[in-house]
Amino acid sequence: MTFPLDSGRDCVRAWDLMPWALQDSAPQEQVQWLQDHLVHCASCRAEYAQQHRLRQAVSLPSDIPLDANIGLGRLLGRLDTPDARDWRGRARSGNWLTRALVAAVLIQAIGIGVLGAKLGSSGGVPLYRTFSQEPAPVAAGTIRVVPDAAMTLADWNALLHRLQLQVVGGPNDVGAYTVAPNGPASTTQQALQQLRATRGIRLAEPVYSAP
Amino acid sequence: MNDADNDADATDRMLLQRMSAGDRVALGVLYRGYHGRLCRFLSRLTRRPDVIEEVINDCFWIAWQKAGNFHGDSRVSTWLMGIAYRCGLKALRQHGDEPVEDDNLPEQRSADHDQDEDRELRDWLGKGLDRLSVDQRAVIELVYGVGHSLDEVAVITQCPVGTVKARLFHARVKLRNVLPALAGEPSKQKENVP
């Protein structure tokens, strides 16, 4: 910007101050300084006089013939149109609707997170099995045995120890145990024969992993 | 901002609060209170009365919708002027190149109502403002007419204070060069601009 007056820094300062002095918004000491400067600076005095006239001219009422009451009537009519009422309704409910949507998304996210954490903590093993899933693998050589109800625990334990078998499942609802050989010395077929020959064993059948 | 400005702003805020609750009487009070200054401000952007009324009503329509969102970051007058300025620029883009219809010209009213001195002053200013850009005319009106500070004009026009300062400076320089000649005095353009 190029300053239009010929004079020095005081005139630049005076130029900057003029609008605010005319507005009565400049501090009193600056207004006083400007008045003092104008006394001995003809150029700034002329400029200030013109600025004063400019302010007077700009402050005149508008010469555009507009009636406020007519305009207000049209505005009120416009507010009664359905579009305006809808717009205002949307403006008022906009924040509420946005907050409700955000809350719903947050609740869903938290729910999914909790569910995921719960599934993760269960080790990934579901508590159910579908028909399409492979059945739990059965160790080779396992035998399903149903001992007689009169067989003592000591006799049962002694039998398992003698045949080198160990219980790997059961008893189920009908009292059947699943046993498996626990040593290389015992074969399934031999154990099966001996179990069937033992008094107190009502049933001994091999378990096959596939039908 | 003096005490009178503070009182006026407090009243305006109360009116806005009532408007946010749907009080149309408050809207009417605010509308009538600002109609004159908005009309004059917008007349610096366009001379078409129909466009000016449309912009004023657009401005108050927005104020009615958004009254509840006014947080008091600025004076109500600054807020309203900002809305009017943006609506005015939008209207200029839409209607700026349309001719003014004869029955919309404001000449009749000014001839009937103005004193000779006022009419002369108004003509003098009008010819000077014709040399300025829309932005420069707006800043002259906001500073000299409405009495806003540079910061407030920056808020209204949504541009940096430095830009407002530059617009004011260049507007003043242009007016300084043309207004004396329009008043019958010799122009200072050549002799004073380095």
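Caption draft 1: Summary view of the overall build of chain B. Counting its regular elements, chain B contains ten helices and zero strands. Taken from N to C terminus, the helices and strands of chain B fall in the order α-α-α-α-α-α-α-α-α-α. The 194 residues of chain B split such that 49% are buried. When contacts within chain B are restricted to residue pairs at least 6 apart in sequence, long-range pairs at least 24 apart make up 67% of them. Here chain B has roughly 9,400 Å² of accessible surface; of this, 47% comes from carbon and sulfur atoms.

Caption draft 2: Structural detail: the packing of helix H3 (residues 42-58) of chain A against helix H6 (residues 116-129) of chain B. For the pair H3 of chain A and H6 of chain B, interaxial distance at closest approach is 9 Å and the crossing angle is 105 degrees. In terms of their interaxial angle, H3 of chain A and H6 of chain B are classed as roughly perpendicular. For the pair formed by H3 of chain A and H6 of chain B, the contact residues are Gln 50, Arg 53, Leu 54, Gln 56, Ala 57 and Val 58 of chain A on the first element and Glu 120, Leu 121, Trp 124 and Leu 125 of chain B on the second. Among the residues making up the contact of H3 of chain A with H6 of chain B, the classes are represented as six nonpolar, two polar and two charged.

Caption draft 3: Structural context of the interface of chain B and chain A. Contacts between chain B and chain A engage 59 residues on the former and 47 residues on the latter. In total, about 5,200 Å² of surface goes out of reach between chain B and chain A, with carbon and sulfur atoms giving 61% of it. Looking at the side of chain B facing chain A, the largest losses of area belong to Trp 61, Tyr 144 and Arg 172 of chain B, adding up to 15% of the total buried there. On inspection of chain B and its partner chain A, the count reaches six salt bridges. Here chain B and chain A share 21 residue pairs in polar contact (both at pLDDT 80 or more) between them.

Caption draft 4: Representation of the pattern of salt bridges within the structure. Applying the stated rule across the entire model yields 14 salt bridges over all chains. The salt bridge involving Asp 58 of chain B is made with Arg 78 of chain A; its shortest N-O contact spans 2.9 Å. Separated into two different chains, Asp 58 of chain B in helix H3 (residues 49-66) and Arg 78 of chain A in helix H4 (residues 68-79) make up a pair that spans both. Taken together, the shared-partner salt bridges connect Arg 40, Arg 44 and Glu 141 of chain B into one network.

Caption draft 5: Examining the environment of Asp 50 of chain B more closely. Position of Asp 50 of chain B relative to the elements: it lies in helix H3. Asp 50 of chain B sits in the partly exposed class, given a relative accessible area of 31%.

Caption draft 6: Layout of unusual backbone geometry. Residue Pro 171 of chain A is bonded to the preceding Gly 170 of chain A through a cis peptide linkage, with omega at 0 degrees. Tracing the backbone shows Pro 171 of chain A in the loop between strand S2 (165-169) and strand S3 (177-181). One non-glycine residue, Gln 164 of chain A, lies in the positive phi region at around 55 degrees. Relative to the elements of secondary structure, Gln 164 of chain A occurs in the loop between helix H6 (153-162) and S2. Even without being a glycine, Gln 158 of chain B presents a positive backbone phi close to 55 degrees. Counting through the fold element by element, Gln 158 of chain B comes out in the loop between helix H8 (150-157) and helix H9 (161-182). Residue Gln 158 of chain B is classed as exposed on the basis of its relative accessible area of 57%.

Caption draft 7: Expanded view of the nonpolar core. Within the largest apolar cluster, 79 residues are counted, with the highest numbers of intra-cluster contacts made by Met 19, Phe 60, Leu 80 and Ile 140 of chain B. Leave out the neighbours within four places in its chain, and Ile 140 of chain B touches Leu 54 and Val 58 of chain A together with Leu 129, Leu 132, Gly 145, Leu 168, Ala 171 and Leu 175 of chain B. With 14 residues, the next largest nonpolar core counts Leu 163, Leu 165, Val 179 and Ala 204 of chain A among its residues.

Caption draft 8: Representation of the packing of aromatic side chains within the structure. Within the structure shown, the criterion is met by five aromatic pairs over all chains. Here the aromatic rings of Trp 15 of chain A and Phe 169 of chain B are separated by 5.7 Å at their centres, their planes lie at 65 degrees, and the arrangement is edge-to-face. Residue Trp 15 of chain A is found in helix H1 (residues 9-23), and its partner Phe 169 of chain B is found in helix H9; the two belong to separate chains. Trp 15 of chain A gets classed as buried once you look at its relative accessible area, which sits at 1%. Given the relative accessible area of 10%, Phe 169 of chain B is considered buried. Residues Trp 156 of chain A and Tyr 177 of chain A carry aromatic rings whose centres are separated by 5.2 Å and whose planes lie at 40 degrees to one another, so their mutual orientation is tilted. Within this pair, whereas Trp 156 of chain A is found in helix H6, its partner Tyr 177 of chain A is found in strand S3, the two being separated by 21 residues in sequence. Positioned above the aromatic ring of Trp 33 of chain A, the side-chain terminus of Arg 13 of chain A is 4.1 Å from the ring centre.

Caption draft 9: Molecular detail of helix H2 (residues 28-40) of chain A. Residues and elements named next belong to chain A. For H2, built from 13 residues, the straight-helix expectation of 18 Å at 1.5 Å per residue is met to within 8% by its first-to-last C-alpha distance of 19 Å. Along H2, the residues classified as buried are Val 31, Leu 34, His 37 and Leu 38. An end-on view of H2 places all buried positions within 120 degrees of arc, on one side of the element. Along H2, exposed side chains directed more than 90 degrees from the buried face belong to Gln 28, Glu 29, Val 39 and His 40.

Conventions and cut-offs
Residues numbered from 1 in each chain as written. Chains lettered and ligands numbered in written order. Predicted model: local features only at pLDDT ≥ 70, side-chain atom pairs only at ≥ 80, totals over all residues. Heavy atoms only, no water. Helix = DSSP H or I, 4+ residues; strand = E, 2+ residues; numbered from the N terminus. Buried < 20%, exposed > 50% of the residue type's maximum accessible area, 1.4 Å probe, protein only. Contact = heavy atoms within 4.5 Å. Areas by Shrake-Rupley, 256 points an atom, 1.4 Å probe, with all protein chains shown as cover. Axes fitted to C-alpha atoms, helices over the stretch in contact; angles between N-to-C directions. Parallel < 35°, antiparallel > 145°, perpendicular 65-115°, else oblique. Nonpolar A, V, L, I, M, F, W, Y, C, P; charged D, E, K, R; others polar. Buried area = accessible area lost by both parts, 1.4 Å probe. Salt bridge = Lys/Arg side-chain N within 4 Å of Asp/Glu carboxyl O. Polar contact = N/O pair within 3.5 Å; in protein donor to acceptor, adjacent residues only side chain to side chain. Core = buried A, V, L, I, M, F, W, Y, C linked by side-chain atoms within 4.5 Å. Phe/Tyr/Trp six-rings, centres within 6.5 Å; stacked < 30°, edge-to-face > 60°. Lys NZ or Arg CZ within 6 Å of the ring centre and 35° of its normal. Expected span 1.5 Å × (residues − 1). Arc of directions from axis to C-beta.

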